[in-house]
Amino acid sequence: MSSKKMITLKSSDGRIFEVEEAVAQESQTIKHMIEDGYGNSVIPLPNVTGRILYKIIEFCTKHVAVEEDIKQKSVEPTVVVEDVKQKSVEPTVVEDVKQKSVELPVDDDAWDAEPSDIDEWDAQFIDVDESTMFELIVASNYLNIKRLMDLSAQAIADMMKDKTVEEIRKIFNIQNDFTPEEEMKIRNENSWAYE
Amino acid sequence: MKKDKTWPAGSDARHFSALPIGISSKQHQQQQKKKKQQQQDNDVDNRLSSCQSHLQPRSCCVAKLHPRLLLTNSKNVLNQEPSIQRLPLFSSSLRPNRSEFSMLPNDVLLKIAATFTHPNLQSASLVCLAWRDALRPLREAMLFLRWGKRFKHGRSGVQANLQKALDSFLKGAIRGSTLAMVDAGLVYWEMGEKEQGISLYRKAAELGDASGQCNLGIAYLQAEPSNPKESIRWLYKASVAGHVRAQYQLALCLHHSHGVIRNLPEAAKWYLRAAEGGYSRAMYNTSLCYSHGEGFTQSHRLARRWMKRAADHGHTKAQFEHGLNLFSEGEMMKAMVYLELATRAGESGAAHVGEVIRQELSPSSVDRALLLADNWRPLLLLRSSSH
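Fair warning: this is a prediction, and the values are worked out from it, not measured in the lab. (Residues numbered from 1 in each chain as written. Chains lettered and ligands numbered in written order. Predicted model: local features only at pLDDT ≥ 70, side-chain atom pairs only at ≥ 80, totals over all residues. Heavy atoms only, no water.)

(A) Summary view of the overall build of chain A. Summing up its helical and strand segments, chain A has 9 helices and 3 strands in all. The order of α-helices and β-strands along chain A, N terminus first, is β-β-α-α-β-α-α-α-α-α-α-α. The 195 residues of chain A split such that 39% are buried. Of the contacts made within chain A by residues no fewer than 6 positions apart, 65% connect residues no fewer than 24 positions apart. (Helix = DSSP H or I, 4+ residues; strand = E, 2+ residues; numbered from the N terminus. Buried < 20%, exposed > 50% of the residue type's maximum accessible area, 1.4 Å probe, protein only. Contact = heavy atoms within 4.5 Å.)

This is the structure:
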C-alpha cells in the first residue's frame, strides 16, 4: 500500500479539505458520490461550513483509526465462544466466588479498553454549545454519517429528557409560538401522558 | 438586508406563505402586522447574519421538499441569493421562530425523540409549533403503546389478547417509538418468534434505547447459537447508559467468562452499580464480593451492609444470610424476623435455624417477631430504568 487515495472536499465558505478516502467514506453521501465517479474532482458541500466540516473530519478520522486498530488485533482475546445455553444466567454465586484457585489471569487491557476510551472521546467531542450541536446534527444528517448522527441525536435527547417545556426552550433558545388555545389543545389531547 | 415585497401587503415579506386553513385573510394580515412589529423591536444586529437561516421556512414543511435542499449556511459571509428550492410551498405557521433548533428536519427530530417516554414527548411537543407538528407520529405511537399494554395485560375492561397486543405495539413501532419496538419484541419473544424479537430489539437498540440494548444483549446470550460478542457489546452500552438489569447481567458475564475474559474487579464494579440502582440480586452478589474479597478489597462491614439491603429488598437467600448474621450477633428477635421471612419464601435451611432461635425466645417475643414478618413489605427502590 503506497499512498492512500485522497479525496478533496470543499465547504460552503470555500475551504478546501483533503482527506483519506476511508475517512471520507464514513459519509454515505460522499461514498455514493465517489462510487458515481466524482472522487477525482473537488466535492462541494454547500450545506456544510468549514468550521463544522473540520470537526466532522476530526470525528471520522478518529473513528476510522479506532476501527483499524481493532482490526489489527489478529487474535481477539476478549471472545470466549461459549455455548451459553442456560436460560437463566443466574448462578448461586456462593459456590463460584469461593473457587479462588481456578482464576484465570485477569488482563485488564484485554477487556475492551477501547470502548471506554472511544466513548470518553466521543463524550468530549460532542460537548459543544447548542449552536454547534445543531450544525453537527444537521450536517451529519445531510452527509449521512451514522455514528455521528447517533451520537449527536443521543446528546440532544439527553439534554431534553426530564426537563420542563420552559427549560427546553431556554436551552435551545426556542421561542414559544403557541397561542394559548393551541397550547391547551395539545395539553388536553395528551393529558393522559401523566397518568 | 433587502426586503422585497413579493407578496401583497400584510404578509411577512421574507418568505412566501399561503393562507393557512382555518384563518381568515384579515386575521392573517393582522397577525403579520403584529409579528412584523415584534420583529422590528427584537432585531439585534448580531442576529442579522444568522437571520439568513431564519428566513427559511418552518422545518415541518421544509422537510417535505428535501432536507438537503433547504439547509443554509447561517455563517455564510458570501450571502447567497436564496434559491427557489429553499422557499416553502406553504407554511403551517405564520410565526417564524428565531431559533435554529426549531427548524430541525422532521426525521432528525423524530430520531432524537424516538426513545422518549410520553411525558418527555409531551414536553417536547409543547416547545414550539414546528416540534409539535414533527412529533405527531410519535404521539400517535404512544396511543398504540397504551392499547398494546392493555391488550397484553387485560386491563381497563379489555380482554387479554396477545396477538392484538402485538398488532398495537407494531403500529407504535413503525411510527418510530422505541418503547413500542421493545414491547413488540417482548411479545414476539414470548410467542417463540425469536428472530423477529431480536430484529425489533435491534432497531430500538440502535436508536439508543437502553432497554432494547439490554434485551438484545440477553437475547444474544440465549439464542441458538449464542453470540457472546454481540451480547457483551450491547449489554455494555446499556450498562453505561445506566440500565440496572443490564449492569447486573454484564457483571454476571464478566464473572463467569461469558463472551469476555473473566474480570472480577469489573464484575464487582458492575454488581455494585446495579446494587446502587436497586436490584436486590446485585446487592446480594455485591455482598459476596466484599465478603470474599472478590473484585473488591475484603470488607465484612460492607458485606454485611449489602446483605442487609438485599434482605430488605426481598432477596430470600439474603434474608437467610442476614438472619444468620443477626443470630451470631445476638440479636435474636431481629434474626427471627428475617429467618421467618426466608422460611416462608422456601429456604428450608432458614426453618431449622428459626427453630433453634424460637427455643431461646419468650413466647411474646416470638409473637412479635411473627407479627413483624406478617407486616413486612420489601423495599422497592429501582432508580433507573429496568424491566
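(B) The arrangement of the packing of aromatic side chains in detail. Applying the stated criterion across every chain yields a total of 12 aromatic pairs over all chains. Seen in terms of ring centroids, F134(A) and F101(B) are 5.3 Å apart; in terms of plane orientation they differ by 65°. Their pairing is edge-to-face. Within this pair, whereas F134(A) is found in helix α6 (residues 130-143), its partner F101(B) is found in the loop between α4 (67-70) and α5 (106-112), the two belonging to separate chains. Taking relative accessible area as the criterion, F134(A) reaches 10% and is therefore assigned buried. A residue is classified by how much of its surface remains accessible, and F101(B), at 1% relative accessible area, is buried. (Phe/Tyr/Trp six-rings, centres within 6.5 Å; stacked < 30°, edge-to-face > 60°.)

(C) Spotlight on the pattern of salt bridges. Residue and element names in this part refer to chain B. For the coordinates displayed, the defined rule picks out 20 salt bridges over all chains. The salt bridge involving E206 is made with R202; its shortest N-O contact spans 3.3 Å. One end of the pair is E206 and the other is R202, both in helix α11 (residues 194-206) and 4 residues apart, which spans about a single turn. A relative accessible area of 24% means that R202 is categorised as partly exposed. Here E266 and K269 are joined by a salt bridge, their closest N and O atoms 3.7 Å apart. (Salt bridge = Lys/Arg side-chain N within 4 Å of Asp/Glu carboxyl O.)

(D) Region of the structure containing the pairing of strand β1 (residues 6-10) of chain A. All names here are of chain A. Sheet topology places β1 next to strand β2 (residues 16-20); 5 bridges connect them, and they run antiparallel. Each residue of the ladder has a partner; that of T8, found in β2, is E18. Connecting β1 to the next strand, β2, in antiparallel fashion are 5 residues, including G14 with a positive phi near 85°. Judged from the 2 bridges that link them, β1 and strand β3 (residues 43-44) form a sheet pairing that is parallel. Looking at β3, one finds that L9 is bridged to I43. (Pairing = 2+ DSSP bridges.)

(E) Inspection of unusual backbone geometry at higher detail. Residue P225(B) is bonded to the preceding E224(B) through a cis peptide linkage, with omega at 5°. Inspection of the secondary structure assignment puts P225(B) in the loop between α12 (210-222) and α13 (228-240). Not every positive phi belongs to a glycine, and N173(A) is a case in point at roughly 60°. Mapped onto the elements of the fold, N173(A) is located in the loop between α8 (165-172) and α9 (180-189). Taking the relative accessible area as the measure of exposure, N173(A) reaches 45% and is therefore partly exposed. At S156(B), a position not held by glycine, the phi torsion is positive, near 50°. Here S156(B) lies in the loop between α8 (136-153) and α9 (162-174).

(F) Inspection of the sheet that holds β2(A) at higher detail. With mixed pairing, 3 strands are arranged side by side in an open sheet as β2-β1-β3 (chain A). One side of each edge strand has no neighbouring strand; the edge strands of this open sheet are β2 and β3 of chain A.

(G) Spotlight on α8(B). Between its terminal C-alpha atoms α8(B) stretches 26 Å, which fits the 26 Å expected from 18 residues at 1.5 Å a residue. Of all the residues in α8(B), the buried ones are L138(B), R139(B), A141(B), M142(B), L145(B), G148(B), R150(B) and F151(B). On its buried side, α8(B) packs onto α9 of chain A together with α5, α6 (118-125), α7 (129-134), α9 and α10 (178-191) of chain B. Immediately downstream of α8(B), the backbone of G154(B) shows phi near 65°, a positive value. (Expected span 1.5 Å × (residues − 1).)

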